[in-house]
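Topology and contacts: notes
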Amino acid sequence: MKKLNVAIIGQGRSGCNIHGKYFRSEKNQFYTVKYVVDADAYRREKAEKIYPGCKTFDKYTDLYQFDDIDLVVNSTYSEMHGPITKELLLHGFNVLVEKPFARTRYECDELIQIAKEKNLVLAVFQQTFHAPFCQFAYDLKKSGKIGEIVQVNLHYSALSRRYDWQTLQKRCAGGIYNTGPHPIGIALGFLDFSDETQVVYSKLANALSSGDSDDYAKILLTAPGKPLVDVEVSNIDAYSGYNLKIQGTRGTFKCNTKAGEMTYILDEENPEIPVQEETLRDPNGDPMYCNIPLNKHTEEFDFAGDAFDKGTGDLYESLYNKIVNGTPMYVTPEMAAKVISVIETVHAQNPMPKKF
């Protein structure tokens, strides 16, 4: 099997500890890290140790001299994702860009168009779509086991305070640009990525974190004939208890990224009872509350892996097959662009004062 030569731009938490962790793992049978770019000398020195034989540079433009790079991983700061990806595409590189894809839908569409015109592969690192809990939830939706899906809740929340660059609007940062692409992407999947998706309600706030960006977000999404999806990304919720909950006409499923539980009914065990308009009475003739016990079933599940191991591995394998064999990827840049459309709309609905 031919291995692809990779250049990584950025050796921060994402470039080193997410992408790099995969490249250094036994799961990586597809790529060789040949070049690493970072402005920090210590990170370059570290990269030379953990990727034996790689060359390091302090500027990404130094990559333009090489013609043996099969893929560039753009794991720079968020505000650099769009501009640097554009430059890389114009210089003829296949690119995997970290989320958020870009700041605006216009930027996303421009990148997609450039990639098509130059016959290059453009991918966005939204690996949560490959996570086992997400795949299970989508399969459950298709199965009809809990009936027709009426409402989906996605919570990516905690009680925590940030004070780094990810709290600044000028850095294309904040909760829904940073964390939001994961739950918003999953939400759009439940809406089948409908072009008629609407943000029917949204609220942003800066509640606890430093900076001037959002650390609380509530977003309600829906589309004609689709469920209502409630997305919450919050740094002030100490009791969220789950990441995903699905309410169907025959039951409920909830899970975090590691395990889940489902309670549902079977129609044949719970026959419909004709409506009775008269007041219900108990055997003594006294008024009675209408509460017929349902025969319920409960199942529990454990998921093998999460977005940062299986999700990352599956996305990179899919990307390899796209570059080498032309096989369509499960996660497309068009999907990621629709995520940015939602984020852009929510910010337009909730303009926040810029302080920095």
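In this text the structure is predicted, and so the values were computed from the model without any measurement.

Another aspect to go through is the sheet that holds strand S4 (residues 71-74). Pairing is parallel across the open sheet formed by six strands, whose spatial order is S3-S2-S1-S4-S5-S6. Each end of this open sheet is capped by a strand with a single partner; those strands are strand S3 (55-57) and strand S6 (122-125). Taking the axes of each pair of neighbouring strands and ignoring which way they run, one obtains an average angle of 25° across the sheet. Across three bridges, S4 lies against strand S5 (residues 95-98) in parallel orientation. Among the inter-strand pairings, Asn74 is bridged to a residue of S5, identified as Val97. Helix-sheet contacts for helix H3 (residues 81-90) involve strand S1 (4-9), S4, S5 and S6, and the interaxial angle to S5 is about 175°.

Counting residues in hydrophobic clusters, the biggest one holds 75 residues, and the most contacted among them are Phe101, Leu244, Ile246 and Phe253. Among the elements that take part in this core, helix H9 (residues 333-349) stands out by supplying eight residues, more than any other. In contact with Leu244, not counting residues within four places along its chain, are Phe133, Ala137, Val152, Asn153, Leu154, Phe190, Phe253, Lys254 and Cys255. Residues Cys54, Leu96, Leu319 and Tyr320 belong to the second largest nonpolar core, which totals 24 residues.

A few words on the side chain of Ser240. Within the element layout of this structure, Ser240 appears in the loop between strand S10 (228-234) and strand S11 (244-248). Excluding its chain neighbours within four sequence positions, the residues that come into contact with Ser240 are His155 and Ser157.

Turning our eyes to something else, we now look at the packing of helix H5 (residues 132-143) against helix H7 (residues 181-190). Pairs of packed helices are described in terms of their axes, by the angle between the two and the distance that separates them. Contact pair H5 / H7: the axes reach a minimum separation of 11 Å and the direction vectors enclose 20°. The angle between the axes of H5 and H7 places the two elements in the roughly parallel class. Here the hand of the crossing between H5 and H7 comes out right-handed. In this structure, H5 contributes Phe133, Cys134, Ala137, Tyr138 and Lys141 to the contact, and H7 contributes Gly185, Ile186, Gly189 and Phe190. Here the residues of the contact of H5 with H7 sort into six nonpolar, two polar and one charged.

Attention now moves to the pairing of S10. When you tally the buried positions in S10, you get six out of seven residues, the bulk of the element. As judged from the six bridges shared by strand S9 (residues 216-222) and S10, these two strands associate in the antiparallel manner. Its bridge partner being in S10, Leu221 is matched across the sheet by Val229. Hairpin connection of S9 to S10: five residues between the antiparallel strands, including Gly225 at a positive phi of 75°.

What follows is about H5. With 12 residues, H5 extends 16 Å from end C-alpha to end C-alpha; this agrees with the ideal 16 Å at 1.5 Å per step. Looking at H5, one finds that the buried residues are Pro132, Phe133, Cys134, Ala137, Tyr138 and Leu140. Where H5 is buried, its residues contact strand S7 (149-157), H7, S11, strand S12 (251-255), strand S13 (259-265) and helix H8 (307-325). At the exit of H5 stands Gly144, carrying a positive phi of roughly 75°.

Here the focus is a positive patch on the surface. There is a patch of like positive charges on the surface, built from Lys21, Arg24, Lys27 and Lys46. Secondary-structure assignment places Arg24 in the loop between helix H1 (13-23) and strand S2 (31-37). Taking relative accessible area as the criterion, Arg24 reaches 37% and is therefore assigned partly exposed.

Scoring rules and cut-offs
Residues numbered from 1 in each chain as written. Predicted model: local features only at pLDDT ≥ 70, side-chain atom pairs only at ≥ 80, totals over all residues. Heavy atoms only, no water. Pairing = 2+ DSSP bridges. Helix = DSSP H or I, 4+ residues; strand = E, 2+ residues; numbered from the N terminus. Axes fitted to C-alpha atoms, helices over the stretch in contact; angles between N-to-C directions. Contact = heavy atoms within 4.5 Å. Core = buried A, V, L, I, M, F, W, Y, C linked by side-chain atoms within 4.5 Å. Buried < 20%, exposed > 50% of the residue type's maximum accessible area, 1.4 Å probe, protein only. Parallel < 35°, antiparallel > 145°, perpendicular 65-115°, else oblique. Left-handed = near helix turned anticlockwise from the far one by under 90°. Nonpolar A, V, L, I, M, F, W, Y, C, P; charged D, E, K, R; others polar. Expected span 1.5 Å × (residues − 1). Patch = residues over 30% accessible without salt bridge, like charges linked within 9 Å, V, L, I, M, F, W, Y side chains within 5 Å. Areas by Shrake-Rupley, 256 points an atom, 1.4 Å probe, with all protein chains shown as cover. Salt bridge = Lys/Arg side-chain N within 4 Å of Asp/Glu carboxyl O. Lys, Arg positive; Asp, Glu negative; His and termini not counted. Charge placed at Lys NZ, Arg CZ, Asp CG, Glu CD.

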